[in-house]
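Structural characterization, general
Spelled out, the chains give:
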Amino acid sequence: MPRLSGVLTAATALALVGGPVAAPAPLRAQARPAQARSAAAPARAAVPDIPYTHFVLPNGLTLLVHEDHKAPIVAFNIWYHVGSGMEPQGKSGFAHLFEHLMFNGSEHYDDDYFKAIEPVGATDLNGTTNTDRTNYFENVPTPALDRVLFLESDRMGWLLGAVDTAKLNEQRGVVQNEKRQGENQPYGRVWENIATHTYPVGHPYHHTTIGSMEDLNAASLDDVREWFRNYYGPNNAVVVIAGDITPAAAKQKVEHWFGNIPPVPPIARPARNVAKMTTPSRGWMQDRVPQARVYKVWNVPGFGTAEADHLTLAADVLASGKNSWLYKRLVYDDQIATDVVAFMDANEFGGQFYVWATAKPGGDLAAVERAVNEEVARFRRTGPTASELSRAQADERAGFLRGIERIGGFGGKSDVLASNFTYTGDPAHYKVSQQRLATATPAQVAAAARTWLDDGVYTLEVHPYPDVAAATADSANRSQLPGPGQPPAPKFPDFATDTLANGLRVLVATRPGVPLVNLELLVDAGYAADQGGIPGTASLTASMLDEGTTTRSALAISDQLQRLGATLGSGANVDMNVVSMSLLKERMDSSLALFADVVLHPSFPAADFKRLQQQQLARIQREKVTPVQIALRVMPELLYGAGHAYAQPLTGSGTEASVQRLTPAALAQFHRTWFKPNHATLVVVGATTLQELKPKLERAFAGWAPGPVPAKNIATVPPKGGHQVYLIDRPGSQQSIIFAGELAPPKRNPQEIAIGALNDIMGGSFTSRINMNLREAKHWSYGAFTILFDARGQRPFVVYAPVQTDKTKESIAEVVQELKGIVADRPVTAEELARAQADLTLTLPGQWETNAAVAGSLGEIVRFGLPHDYFDKYATAVRALQLADLRSVAGTLVHPDRTVWVIVGDRAKIEPGVKEVLGDVQLLDADGRPAGGKPKETSLQPARP
């Protein structure tokens, strides 16, 4: 994956039977409507249809077109049927490395892919690799589709002339940093252990997709050329175009750009091989984690099989929701674990069924494993009840609906069609799977568990480390990059507002189509409401809301949610507590009643409080060993100063000492104090109207009385007198995490549009200065960015750069130069401004595709007091920006001489270099308190004999 998805949140990844066969010979181009292909299929009541038209070009390229005019955007999604499972021995990681190379230019556009695609307003833009396929996808405004087709066809047909040793070495470094970054996270080294111990040597899945450092170092240009010539051709790919386009138009464009690309040679694929284990085996390893964890892994049938679908339901019953077998036993009743997970990973050649459970800090992992074993054994004997299965089936249907609300990658409609065609040859196979899920019986699920969840299991214990040929002529003009076309005008959905009798403000945006409704209740509280109280209260109160009301237990709430096909979430940010629900339109009344009960009548039961309190303490311990979270915990107080309402961990979890002081009464008091209807707003987006909804809301919230709330003291912090440097020792770290921060003006300020554009140029996009420097030019990092954390008051503006340890000093020096450059010797250029304006405006139609995304933008209007027409005027305001605006605001936003630096890494290896660049260093521990002494010199122990 060449681009980070969700770089950082304010708290960072899925057929053939018999012997090897050759790829099919190219077919004549033809249209085959989806309904004609599935006319003989069994009845599939209630399974949503994703209509498509199926074409096959003479060179073998499959094209699937789904027409959807909901938004003026179109999704392009191409799946190449090759992944890490096709890598020969000694070439691990090559499929993924090649994916990265595909973004570095082709013969007719020899430049970074993102430079061509971001300026046209691309969203959902990425590429991913797994064991079985590599895909590339983006959503763009409809007029920009020709640019996408030019770029995607050029790298399919004309890549090799643009690949040289320098590009190979660059992306090799980026991928190796991606590997370091993944393995530097708690439990990050587990996956390589599982792959090598669950699949035999020679099996496609014996190694991880990321590969080994040794194999990545050995990759050569000859390897690149061979991989491309063997697999990257039209007869080994499926293109899905979904959105604002007709099948005929899509076919004409794809034939124009792809029609003359020759096919690759016939491809031999391995047979499906579940590699079922017949005897138990075990592994043991250490990691820098505060909690021990046990993993259980079974090799089971893969994608498209009935067994995989039935085991998916088994995983839901075992570990989805508080009433699930494993959660209720281990977390809720026995309270010996802080989390438990079960899921079915269905791949092409076979699948794996996972269960893992994390012991509470200092707890008995053997007891946790015994409980897991007992519950899995009991499930194999009895299977689920009809009620439990019904709950799981509702969960699966709702999850599928929420995925296909979108047209793009990562689970949208184009992904569903592409994955089903790639693995089964039938784009509509999802209907078979959904029908199996909907009609499965308890006996079928139990039989799947008895057959596959047997003694052939691999158990891995993870323990804390002690302290620490073409048929058409080429008619495409490849001499220049196509223009993006006339972009569609961004249109934020209309919304209506009203106020209930009790003072609760309501915003409703009607979005017909998918029968879903999203609710988001914004309560004016948040972490800032912990000031003068106990840090962590807002977060723990949010966590406790669904743990019981005066009329429903936590288990009853969980059971009803699953039966309704609804999801409920509650959390907090620095300014707000947020309670959210996604519900099915046909079950809106019952869902609203449940939502209101949770909001109005939480009971904060003592037993559940103790359990969640222990989970929040365990979360804090995990944060204190996770590099990014360490910095997020300590930086706010360094920026704001002790006593400020925002001067507490950005994760919102509080401290171990403060959370230990909390009581159910304290949470109840927080709820009584802050949860007032006249200090809250309900945002509603989906298949409903204000007229329909308001009477229902008046009934649901009739008992909620208004009242005053305390003022939050969010004082203005004066500028600092100079820069400050803090180092937090994390012995054995493969990377250093560099945070360089200062305070930016509040979100609501007259220069906000210019500030946002400057952030985009400096570090807010893939092609930003800092990322192109540290990742693309130096390849010292998987990704380096700047982040503006939103807040009503002054907010953190942070450079975030995880870099390899041996380049810490050099990376800091580069960050310093970038900070100085933007305000002095390298001011914003006209080209950069134009790119930022395109990035910030052309992406808008794609950003507002889903109900949740619209709700998020409405939430910004509420939280920051923005005008109701803010997003209607936003694009015009961005396009009106001048260079002088950005050069002026650079002096407001960036102050290299008064930056607060927080660096987390191996002190013994990086401290001298940090001092050389930045000067005096203050040592802190993971709580942000002064630390001292000599640096520790340790190394991780990979396994116990």
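Each chain carries its own residue numbering, running from 1 in the written order of its sequence. The predicted origin of the model limits local features to residues at a pLDDT of at least 70 and limits the giving and counting of side-chain atom pairs to 80 or more, whereas totals for whole chains, interfaces and linings rest on all residues. Where side-chain values are given, they derive from all heavy atoms of the structure, hydrogens and water being excluded.

**What to know about the overall build of the chain**
- For helices the rule is a DSSP run of H or I covering at least 4 residues; for strands it is a run of E covering at least 2, with both sets numbered from the N terminus onward. Of the regular secondary structure elements, the chain holds 33 helices and 24 strands.
- The size measure is the radius of gyration over C-alpha atoms, and the globule rule it meets is 2.2 Å times the number of residues to the 0.38 power. On C-alpha atoms alone, the chain measures out to a radius of gyration of 27 Å, which is about the 30 Å that the 2.2 N^0.38 rule sets for 945 residues.
- Its C-alpha atoms put the chain at 75 × 70 × 65 Å along the principal axes.
- Relative accessibility thresholds used throughout: buried, under 20% of the residue-type maximum; exposed, over 50%; partly exposed, between the two (1.4 Å probe, protein chains only). Within the span of the chain, comprising 945 residues, buried residues form 62% of the whole.
- Each charge class in the chain was averaged separately, 90 positive and 97 negative side chains, and the resulting centres sit 3 Å apart. In this tally, Asp and Glu contribute negative charge and Lys and Arg positive charge; neither His nor the terminal groups of the chain are included. To locate a charge, the coordinates of NZ of Lys, CZ of Arg, CG of Asp or CD of Glu are taken.

**Quick notes on the sheet that holds strand β15 (residues 516-524)**
- Spatially, β13-β14-β18-β15-β17-β16 is the arrangement adopted by the six strands of the open sheet, whose pairing is mixed. At either margin of the open sheet sits one strand with a lone partner, and together these are β13 (496-499) and β16 (567-572). The average angle at which neighbouring strand axes cross in this sheet is 15°, direction not considered.
- One requirement defines pairing of two strands: DSSP has to find at least two bridges between them. In this structure, strand β14 (residues 505-510) lies alongside strand β18 (residues 680-686), joined through six bridges in parallel fashion. Bridge pairing in β18 places Ala 509 opposite Val 685.
- Set on the sheet, helix α30 (residues 851-864) makes contact with β14, β15, β17 (576-584) and β18; between it and β18 the angle comes to about 155°. Axis lines are fitted through C-alpha atoms, for helices just across the contact stretch, and the angle between N-to-C directions can take any value from 0 to 180 degrees. We call two residues in contact whenever any of their non-hydrogen atoms come within 4.5 Å of each other.

**With respect to the sheet that holds strand β8 (residues 281-287)**
- The strand order across the open sheet formed by five strands is β8-β12-β9-β11-β10, and the pairing between neighbours is mixed. Where the open sheet ends on each side, the last strands, each with one partner, are β8 and β10 (337-346). Across this sheet, the average inter-strand angle for adjacent strands is 15°, counted without regard to direction.
- Bridging between strand β9 (residues 293-300) and strand β12 (residues 457-464) involves six bridges; their strand directions are antiparallel.

**Description of helix α32 (residues 883-893)**
- Taken residue by residue, α32 has Leu 886, Val 889, Ala 890 and Leu 893 as its buried positions. Seen along its axis, α32 keeps its buried residues to an arc of 120°; they face one direction.
- Here the buried face of α32 lies against β20 (735-744), α25 (752-764), β21 (785-788), β22 (795-804), α27 (808-823) and α28 (830-842). The arc refers to the directions leading from the helix axis to the C-beta atoms.

**Quick word on the pairing of β8**
- Of all the seven residues making up β8, five are buried; the element is thus mostly covered by neighbouring parts of the structure.
- As paired strands, β8 and β12 are joined by seven bridges and run parallel to one another. Considered in β12, the bridge of Gly 283 is made with Leu 460.

**Topic: the pairing of β22**
- Taken across its 10 residues, β22 has 10 buried, putting it largely inside the fold.
- Pairing of β20 with β22 involves 10 bridges; the strand directions are antiparallel. The partner of Leu 743 across the bridge, within β22, is Pro 796.
- Sheet topology places β21 next to β22; four bridges connect them, and they run antiparallel. Of the residues in β22, the one forming a bridge with Thr 786 is Val 799.

**Overview of helix α15 (residues 429-439)**
- Those residues of α15 that sit buried are His 429, Tyr 430, Lys 431, Ser 433, Gln 434, Gln 435 and Leu 437.
- On the buried face of α15, the contacting elements are α10 (306-319), α13 (386-403) and α14 (413-424).

**Observations concerning the confidence of the model for the chain**
- Here the chain averages 90 in pLDDT, while 93% of its residues score no lower than 70.
- Residue-level confidence of the predictor is summarised by pLDDT, bounded by 0 at the bottom and 100 at the top. Segment residues 1-45 is flagged for pLDDT under 50; beyond a separation of four residues in sequence, or across chains, it makes 112 contacts in the model.

**Side note on the pattern of salt bridges**
- One side-chain nitrogen of Lys or Arg within 4 Å of one carboxyl oxygen of Asp or Glu is enough to make a salt bridge. Counted by the stated rule, this structure contains 56 salt bridges.
- Residue Arg 795 is joined to Asp 790 by a salt bridge in which the shortest nitrogen-to-oxygen separation is 3.4 Å.
- Looking at Arg 795, the relative accessible area reads 0%, which means it is buried.
- The exposure class assigned to Asp 790 is partly exposed, which follows from its relative accessible area of 29%.

**Focus: unusual backbone geometry**
- Phi angles above zero are rare outside glycine, and Phe 410 is one such case at about 55°.
- Overall, the relative accessible area of 43% leaves Phe 410 in the partly exposed class.
- One non-glycine residue, Phe 604, lies in the positive phi region at around 45°.
- Positionally, Phe 604 belongs in the loop between α19 (588-600) and α20 (606-623).

**Considering the packing of α25 against α28**
- At a minimum axis distance of 9 Å, the contact between α25 and α28 shows a crossing angle of 110°. Overall, the two elements α25 and α28 adopt an arrangement that is roughly perpendicular. Here Gly 756, Ala 757, Asp 760 and Ile 761 of α25 come into contact with α28, specifically with Glu 832, Leu 833, Ala 836, Asp 839 and Leu 840.
- Along the lines of polarity and charge, the residues of the contact of α25 with α28 split into five nonpolar, one polar and three charged. Each angle gets one of four labels, with under 35 degrees taken as roughly parallel, over 145 as roughly antiparallel, 65 to 115 as roughly perpendicular, and the rest as oblique. Nonpolar residues are Ala, Val, Leu, Ile, Met, Phe, Trp, Tyr, Cys and Pro. Charged residues are Asp, Glu, Lys and Arg, and all others, Gly as well, are polar.

**As for the nonpolar core**
- In this structure, Leu 858 and Trp 901 are the most contacted members of the largest nonpolar core, which totals 66 residues.
- Among the elements that line this core, the one with the most residues is α25, at seven residues.
- Residues within four places of Leu 858 in sequence aside, it is in contact with Phe 492, Phe 495, Leu 507, Ala 509, Val 683 and Val 685.
- Among the nonpolar cores identified, the runner-up in size contains 63 residues, and Phe 94, Phe 114, Val 254 and Phe 766 belong to it. Only buried Ala, Val, Leu, Ile, Met, Phe, Trp, Tyr and Cys residues count toward a nonpolar core, and they belong to the same one when joined by side-chain atoms within 4.5 Å.

**Notes on the packing of aromatic side chains**
- To pair, rings of Phe, Tyr and Trp, with the six-membered ring standing in for Trp, must have centres within 6.5 Å; the planes then decide the type, stacked if under 30 degrees apart, edge-to-face if over 60, and tilted in the middle. Counted according to the given criterion, the structure contains 40 aromatic pairs.
- Considering the side-chain rings of Phe 103 and Phe 114, the 5.2 Å spacing of their centres and the 10° angle between planes classify their relative orientation as stacked. Of the two residues, Phe 103 is situated in the loop between α2 (94-101) and α3 (113-117) and Phe 114 in helix α3; the sequence distance between them amounts to 11 residues.
- Classification of Phe 103 as buried rests on a relative accessible area of 2%.
- Residue classification places Phe 114 among the buried residues on the basis of a relative accessible area of 0%.
- Among the aromatic residues, those joined into a ring-pair cluster are Tyr 80, Phe 98, Phe 103, Tyr 113, Phe 114, Tyr 136, Phe 228, Tyr 232 and Phe 766.
- Over the face of the ring belonging to Phe 103 we find Arg 155, whose NZ or CZ atom lies 4.7 Å from the ring centre.
- Put simply, a charge is over a ring when the Lys NZ or the Arg CZ is close to the ring centre, within 6 Å, and near the line of the ring normal, within 35 degrees. Taking the ring centre of Tyr 187 as reference, the NZ or CZ of Arg 293 above it sits at 3.7 Å.

**Details of the environment of Ser 811**
- Mapped onto the secondary structure, Ser 811 falls in helix α27.
- In this structure Ser 811 comes out as buried when scored by relative accessible area, which is 0%.
- In this structure the C-alpha to C-alpha distance between Ser 811 and Arg 907, which are 96 residues apart in sequence, comes to 16 Å.
- Sequence-distant contacts of Ser 811, that is, excluding residues within four places in its chain, are made with Ile 738, Leu 774, Trp 780 and Val 803.

**Digging into the packing of α13 against helix α18 (residues 554-564)**
- Closest axis-to-axis distance for the α13/α18 pair is 7 Å, and the angle between their directions is 60°. One finds that α13 runs oblique with respect to α18. Crossing of α13 against α18: the hand is left-handed. Taking contact as the criterion, the partners of Ser 387, Ser 390, Arg 391, Ala 394 and Asp 395 in α13 are, on α18, Ser 558, Asp 559, Gln 562 and Arg 563.
- Among the residues forming the contact of α13 with α18, the class breakdown is one nonpolar, four polar and four charged. Definitions for this section: a left-handed crossing has its near helix turned counterclockwise from the far helix by less than a right angle. A right-handed crossing has that turn clockwise.

**Digging into the side chain of Arg 863**
- Here Arg 863 shows up in helix α30.
- Residue classification places Arg 863 among the buried positions, given a relative accessible area of 13%.

**As for the side chain of Asn 135**
- The topology assignment puts Asn 135 in strand β6 (residues 134-141).
- Taking the relative accessible area as the measure of exposure, Asn 135 reaches 1% and is therefore buried.
- As used in this structure description, the phrase polar contact means that two N or O atoms lie within 3.5 Å; if the pair is within protein, one of them must be able to donate a hydrogen and the other to accept it, and residues adjacent in sequence are counted only when both atoms belong to side chains. A polar contact of 2.5 Å, which involves the side chain of Asn 135, links it to the side chain of Thr 128.
- What Asn 135 contacts, discounting residues up to four positions off in sequence, is Asn 77, Ile 78, Trp 79, Asn 126, Gly 127, Thr 128 and Asp 415.

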